[in-house]
Amino acid sequence: MSSKLKVAIVGSTGYGGVELIRFLVHHPQVEIVSVISSSSAGVPISDGFPHLTDIVMQDLDGVDIHEIAAKADLVFTATPSGVSTQLVPQLLDAGLKVIDLSGDFRLRSGEVYEAWYKKPAASPEYLKQAVYGLSEVYAEKLAGVSFISNPGCYPTATLLGIIPALEAGWIDHRSLIVDAKSGVSGSGRGTSLVSHYAEMNENFKAYKVNKHQHIPEIEQVLGDVAGEDVTITFTTQLVPMTRGIMSTIYVTLKGDHTDQDLIGLYRDYYKGHPFVRVRGEGIWPATKEVFGSNYCDIGFAADARTERLTIISVIDNVVKGAAGQAIQNLNLMMGWEENLGLGFIPVYP
Ligand SMILES: NC(=O)C1=CN([C@@H]2O[C@H](COP(=O)(O)OP(=O)(O)OC[C@H]3O[C@@H](n4cnc5c(N)ncnc54)[C@H](OP(=O)(O)O)[C@@H]3O)[C@@H](O)[C@H]2O)C=CC1
Ligand SMILES: CC(=O)N[C@@H](CCC(=O)OP(=O)(O)O)C(=O)O
């Protein structure tokens with residue numbers, strides 16, 4: 001009998017699900033017992049994803065709660081928002097641990113969720129069970145819990161870039177402007193006009209400006225850190241690349257803080273957390289430097305002339321923004337080393 005943790009993945013045919021498989025196959029404490037699809041049950045997963053040939057040869061299972069509970073200890077739900085709302089409560093009631101990658105359980109208020117996602121919210125009873133899994137910030141709260149709500153991709157890059165300076169009182173949160181760009185895989189595998197090659201190639205496009213569903217998620221966490229309401233100006237843009245998010249943050253500095261001060265502050269804050277890397281003075285991170293990895297890389301430019309600070313934070317949206325952080329959270333939940341199964345060097349070039 002294997003003593004490994006038995007995990008199932010719902011949404012295993014999506015970008016987040018397939019990336020979970022890529023990492024979990026090498027995780028020393030985990031066995032993937034079920035890869036699940038609501039539309040292709042019975043089909044070998046390698047039929048749809050030939051890159052898994054001879055590596056993962058399981059047939060896809062259907063979404064059957066009793067069957068999942070009979071096989072697994074923990075379920076990753078890599079499902080679209082609106083699906084997890086219904087699915088996760090059933091999994092929890094069946095005694096399973098859950099790590100949900102969607103936006104359905106990140107916001108504490110169901111009313112706020114409905115206002116931004118334009119979908120019915122999960123019931124408050126389950127919303128309050130979710131622990132928000134921004135790994136480096138909430139590591140201690142994640143140990144031993146049964147239900148983690150994984151952060152959004154834009155919030156991960158943005159919050160990791162802002163929180164140390166906000167907590168130290170070095171920035172004026174009323175002046176926060178976030179200019180964020182994402183690769184196209186951020187919109188999932190389903191075909192849409194957005195990801196159509198002819199629409200996206202040779203194009204650079206803003207969307208959901210000041211209306212993006214990740215705004216209340218970022219504001220909720222920053223409000224907790226600041227101890228008062230925080231609002232941000234937030235522009236999201238689609239870049240013609242497959243993976244990667246760059247969040248460029250502009251904020252007014254409180255006091256005379258140099259790049260070296262900021263580098264020291266952030267290195268101290270993230271000490272012991274291997275996946276946040278702080279660049280040296282005058283070196284700003286690029287999305288390629290984290291491609292395929294769980295790193296979040298951060299660089300600074302403090303400007304004494306304008307009294308403003310520019311923070312640049314990059315992640316791979318499918319890894320640190322989704323599957324990688326979900327596995328990091330699994331490790332924290334189970335009391336394992338934070339980087340177990342995630343020790344990949346970014347793919348370069
Ligand atoms: N892509 C990214 O960079 C990020 C994604 N996320 C979030 O993670 C989640 C997954 O995203 P992503 O993998 O990109 O999305 P995809 O669209 O690529 O995949 C979603 C998967 O969910 C499955 N699914 C759809 N409806 C149902 C249903 N009713 N019941 C069970 N499964 C269903 C589909 O598979 P099938 O039809 O086979 O069931 C599909 O493959 C989303 O909530 C997304 O917002 C979060 C951060 C970053
Ligand atoms: C490029 C792109 O389209 N990205 C998606 C991110 C979706 C996502 O991660 O959605 P939730 O976290 O809210 O579930 C978007 O901007 O809506």
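Residues numbered from 1 in each chain as written. Chains lettered and ligands numbered in written order. Predicted model: local features only at pLDDT ≥ 70, side-chain atom pairs only at ≥ 80, totals over all residues.

- An unreviewed UniProt entry annotates the protein as N-acetyl-gamma-glutamyl-phosphate reductase of Paenibacillus jamilae.

### Side note on the nonpolar core
Here comes step 1: Ranked by internal contacts, the top residues of the largest apolar core, which has 93 residues, are Val-7, Ala-8, Ile-9, Leu-20, Val-75, Phe-76 and Ala-326.
Here comes step 2: Shared between two domains, this core takes at least three residues from each, and those domains are domain 1 (5–129) and domain 2 (154–316).
Here comes step 3: Leave out the neighbours within four places in its chain, and Val-7 touches Leu-24, Val-30, Ile-32, Val-33, Ala-72, Leu-74 and Phe-76. (Core = buried A, V, L, I, M, F, W, Y, C linked by C-beta atoms within 7 Å. Buried ≥ 20, exposed ≤ 12 C-beta atoms within 10 Å, placed from the backbone. Domains from an automatic or database assignment. Contact = placed C-beta atoms within 7 Å.)

### Brief notes about the site of ligand 2
Here comes step 1: Taken together, Ser-81, Ser-102, Gly-103, Gly-152, Cys-153, Ser-182, Gly-186, Ser-187, Gln-213, Thr-236 and Leu-238 are the residues near ligand 2.
Here comes step 2: Considered class by class, the residues forming the shell around ligand 2 number two nonpolar, nine polar and no charged.
Here comes step 3: Two domains each provide a minimum of three residues to the shell around ligand 2, namely domain 1 (5–129) and domain 2 (154–316). (Near = placed C-beta within 6 Å. Nonpolar A, V, L, I, M, F, W, Y, C, P; charged D, E, K, R; others polar.)

### A few points about the sheet that holds strand β5 (residues 131–132)
Here comes step 1: In space, the six strands of this open sheet follow the order β2-β1-β3-β4-β6-β5, with parallel pairing throughout. The sheet terminates laterally at β2 (30–36) and β5, the two strands that pair on one side only.
Here comes step 2: Where strand β1 (residues 5–10) lies against β2, six bridges are found, and the strand directions are parallel. Among the inter-strand pairings, Val-10 is bridged to a residue of β2, identified as Ile-36.
Here comes step 3: Relative to strand β4 (residues 97–100), helix α4 (residues 84–93) is tilted by about 160°, and along the sheet it contacts β1, β3 (74–77), β4 and β6 (147–149). (Pairing = 2+ DSSP bridges. Helix = DSSP H or I, 4+ residues; strand = E, 2+ residues; numbered from the N terminus. Axes fitted to C-alpha atoms, helices over the stretch in contact; angles between N-to-C directions.)

### Some thoughts on unusual backbone geometry
Here comes step 1: Going from Tyr-348 to Pro-349, the amide bond is cis rather than trans, its omega being 0°.
Here comes step 2: Tracing the backbone shows Pro-349 in the segment after α12 (319–334).
Here comes step 3: Despite not being glycine, Asp-54 has its phi angle at roughly 65°, a positive value.
Here comes step 4: Position of Asp-54 relative to the elements: it lies in the loop between α2 (45–48) and α3 (65–71).
Here comes step 5: Accessibility expressed as a C-beta count within 10 Å gives 6 for Asp-54, which makes it exposed.
Here comes step 6: The residue Lys-118 is not glycine, and still its phi comes out positive at about 55°.
Here comes step 7: When you line up the elements, Lys-118 lands in the loop between α5 (110–117) and α6 (124–127).
Here comes step 8: Taking the C-beta count within 10 Å as the criterion, Lys-118 has 10 such neighbours and is therefore assigned exposed.

### A short note on the site of ligand 1
Here comes step 1: Taken together, the neighbourhood of ligand 1 is formed by 31 residues, with Gly-14, Gly-16, Ser-37, Ser-102 and Gly-188 sitting nearest.
Here comes step 2: For the shell around ligand 1, the secondary-structure elements that each account for two or more residues are α1 (15–24) and α12.
Here comes step 3: For the shell around ligand 1, the element with the most residues is α1, which contributes three residues.
Here comes step 4: Its residues assigned to classes, the shell around ligand 1 comprises ten nonpolar, 20 polar and one charged.
Here comes step 5: A domain split of the shell around ligand 1 shows at least three residues from each of domain 1 (5–129) and domain 2 (154–316).

### Structural notes on the sheet that holds strand β7 (residues 171–182)
Here comes step 1: Strand order across the open sheet formed by seven strands is β8-β9-β7-β10-β13-β12-β11, with mixed pairing between neighbours. Of all strands in the sheet, those bounded by a partner on one side alone are β8 (205–207) and β11 (276–278). For this sheet, the mean inter-axis angle between neighbouring strands, taken without regard to orientation, is 25°.
Here comes step 2: Where strand β10 (residues 245–253) lies against strand β13 (residues 308–315), eight bridges are found, and the strand directions are antiparallel. Note on β13: the bridge partner recorded for Val-251 is Leu-309.
Here comes step 3: Helix α8 (residues 153–167) contacts β7, β9 (233–238), β10, β11, β12 (296–303) and β13 of the sheet and is inclined by roughly 30° relative to β10.
Here comes step 4: In this fold helix α11 (residues 259–269) packs onto β11 and β12, with an angle of close to 150° to the strand it touches most, β12.

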